[in-house]
Amino acid sequence: MNNSNSEIRGVGRARQRMIVEQLESRQISDQRVLRVMGEVRRESFISEALQSRAYDDSPLPIGDGQTISQPFMVALMTQELNLQGTEKVLEIGTGSGYQTAILAELAGKVFTIERSYNLSQQARKVLEKLGYSNVLLRYGDGTIGWDEFAPYDRIIVTAGSPDVPDSLKRQLADGGIMVVPVGDRYRQDLMVINRHETGYESRNAGGCVFVPLIGREGWSANG
Ligand code: SAH
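Sequence order sets the numbering: in each chain, residues are counted from 1 along the sequence as written. This being a predicted model, a pLDDT of at least 70 is required before a residue's local features are given, and a value of 80 or more before pairs of side-chain atoms are given or counted; all residues contribute to the totals for chains, interfaces and linings. In computing side-chain values, all of the structure's heavy atoms are included and hydrogens and water are not.

- The chain is annotated in an unreviewed UniProt entry as Protein-L-isoaspartate O-methyltransferase of candidate division LCP-89 bacterium B3_LCP.

See below:
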């Protein structure tokens, strides 16, 4: 066995440990989510310098002052979306592209928006390299959604918002689900919103900490 093989095995073990210790031991029970998180390599979405921490139980820096979300939070948000395989999903905050890849494995098509040009380009590169052909990336302000392809069966916001952006509520399909962290700049609650013919129903799925959602229907850029 050569070095690179043993390294790959080590990483595979770390990923399996993450599934057991960080996800199954908490409230992640959706078998599809567990399977896909056992397959997608988180190390592909972070820098060389952080490779040894790829399966840490925490967010990690990805440049531009942003972070790749904690694996547990990726799993929880994905589980709350209850994906069956055919959905059209809108993601706000592409970041590293890791959550995007998880969504692409579990849904029909993923539309993802990132406000940092560098991160958007970086994510495009890695998602292309990994062969995800059902992902459409856009650079811009995601708080106003992506009207062209609306409505979306699912919407996921991976940055903290002062309120649920109205544009995103409008672009959610009837029977659709949106997950969005809502709170102040430092702490949020993960809100799960269901749209019905007659209106919206929302539920708090627990506390969380995200970087701020900055844009027209989010926070202002200068604090
Ligand atoms: N899911 C990503 C999370 C990245 S952190 C991952 O796990 O890698 C949140 C991201 O939201 C950051 O990259 C930030 O630049 C982006 N963001 C913040 N406000 C935004 C907006 N209005 N539109 C699009 N992206 C935004």
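Back to the write-up after that little detour.
## Overview of the pairing of strand 6 (residues 152–157)
Next up, step 1: Residue exposure (1.4 Å probe, protein chains only): buried if accessible area is under 20% of the type maximum, exposed if over 50%, otherwise partly exposed. Working definition: helices are DSSP H or I runs of at least four residues, strands are E runs of at least two. Numbering for both runs from the N terminus. Most of strand 6 is tucked away, with 5 of its 6 residues classed as buried.
Next up, step 2: Strand pairing requires that DSSP identify at least two bridges connecting the strands. Note: strand 6 against strand 7 (residues 172–183), 4 bridges, orientation parallel. Bridge pairing in strand 7 links Tyr 152 to Leu 172.

## Some thoughts on the pairing of strand 9 (residues 199–208)
Next up, step 1: Across 8 bridges, the pairing between strand 8 (residues 188–196) and strand 9 is antiparallel. Bridging from a neighbouring strand, Gln 188 pairs with Cys 208 of strand 9.
Next up, step 2: In textbook terms, the turn of a hairpin is the stretch between consecutive antiparallel strands, and for strand 8 and strand 9 this stretch comprises 2 residues.

## Quick notes on the UniProt feature "active site" (unreviewed entry) in the chain
Next up, step 1: Per the UniProt record, "active site" (unreviewed entry) is found at Ser 69.
Next up, step 2: Within the secondary structure, Ser 69 is located in the loop between strand 2 (66–68) and helix 3 (71–81).
Next up, step 3: Discounting chain neighbours no more than four positions away, the residues touching Ser 69 are Arg 42, Ser 58, Pro 59, Val 74 and Phe 210. UniProt positions are given in the numbering used here, feature names are shortened, and annotations may be inferred rather than shown by experiment. Pairs of residues are marked as contacts when any of their non-hydrogen atoms sit within 4.5 Å.

## Describing unusual backbone geometry
Next up, step 1: Note that the residue after Ala 150, namely Pro 151, is joined by a cis bond; omega there is 0°.
Next up, step 2: As for its placement among the helices and strands, Pro 151 is situated in the loop between strand 5 (135–139) and strand 6.
Next up, step 3: You will see that Asp 64, though not glycine, has its phi angle at about 55°, which is positive.
Next up, step 4: The backbone of Asn 82 sits at a positive phi, close to 50°, despite the residue not being glycine.

## Description of the site of the ligand
Next up, step 1: Lining the immediate surroundings of the ligand are 25 residues, of which Ser 96, Glu 114, Asp 141, Gly 142 and Ile 214 lie closest.
Next up, step 2: Note that a nitrogen atom of the ligand is positioned 3.5 Å from one of the backbone N or O atoms of Gly 93.
Next up, step 3: By the criterion applied in these results, polar contacts are pairs of N or O atoms within 3.5 Å in which, for protein atoms, one can donate a hydrogen and the other can accept it, and in which residues neighboring in sequence qualify only through two side-chain atoms. In this structure, a nitrogen atom belonging to the ligand sits 2.8 Å away from a main-chain N or O atom of Gly 142.
Next up, step 4: Areas reported as accessible are Shrake-Rupley estimates using a 1.4 Å probe. Residue values count occlusion only from the protein chains shown. Protein chains shield 99% of the accessible area of the ligand, which is 570 Å² for the free molecule.
Next up, step 5: Looking at the shell around the ligand, the elements that each hand over two or more residues are strand 2, strand 3 (88–92) and strand 4 (109–114).
Next up, step 6: No other element matches strand 2, which puts 3 residues into the shell around the ligand.
Next up, step 7: Gly is put with the polar residues, along with every residue not named as nonpolar or charged; the nonpolar set is Ala, Val, Leu, Ile, Met, Phe, Trp, Tyr, Cys and Pro, and the charged set is Asp, Glu, Lys and Arg. When grouped by side-chain class, the residues that make up the shell around the ligand number 9 nonpolar, 12 polar and 4 charged. It suffices for a single heavy atom of a residue to lie within 4 Å of a molecule or strand for the residue to be listed as near it.

## As for the sheet that holds strand 8
Next up, step 1: In spatial order, the strands read 5-4-3-6-7-8-9; together these 7 strands make up an open sheet with mixed pairing. Each edge of the open sheet is held by one strand with a lone partner, namely strand 5 and strand 9. Along the sheet, successive strands turn relative to each other by an average axial angle of 15°, direction set aside.
Next up, step 2: Against the sheet, helix 3 touches strand 6, strand 7, strand 8 and strand 9, its axis set at about 155° to strand 7. Working convention: axes come from line fits to C-alpha atoms, limited for helices to the stretch in contact. Angles between N-to-C directions cover 0 to 180 degrees.

## Side note on the side chain of Ser 58
Next up, step 1: Its place among the elements puts Ser 58 in the loop between helix 2 (31–39) and strand 1 (60–63).
Next up, step 2: Note on Ser 58: relative accessible area 19%, which makes it buried.

## Examining the nonpolar core
Next up, step 1: Counting 50 residues, the largest nonpolar core has Leu 23, Met 37 and Tyr 98 as its most contacted members.
Next up, step 2: With 7 residues, the top contributor of residues to this core is helix 3.
Next up, step 3: Excluding anything up to four places from it in sequence, Tyr 98 contacts Met 18, Met 37, Val 40, Arg 42, Phe 45, Ile 68 and Val 74.
Next up, step 4: Listed in part, the 17 residues of the second largest apolar core include Ile 113, Tyr 152, Met 178 and Leu 213. We define the nonpolar core as a collection of buried residues of types Ala, Val, Leu, Ile, Met, Phe, Trp, Tyr and Cys that are connected through side-chain atoms lying within 4.5 Å of one another.

## Here we look at helix 4 (residues 98–106)
Next up, step 1: Within helix 4, 8 of the 9 residues are buried, which leaves it mostly tucked inside the rest of the structure.
Next up, step 2: Listing the buried residues of helix 4 in full gives Tyr 98, Gln 99, Thr 100, Ala 101, Ile 102, Leu 103, Ala 104 and Leu 106.

## Structural notes on the environment of Ser 69
Next up, step 1: Note on Ser 69: relative accessible area 19%, which makes it buried.
Next up, step 2: Along the primary structure Ser 69 and Pro 59 are separated by 10 residues, whereas in three dimensions their C-alpha atoms are 4.6 Å apart.

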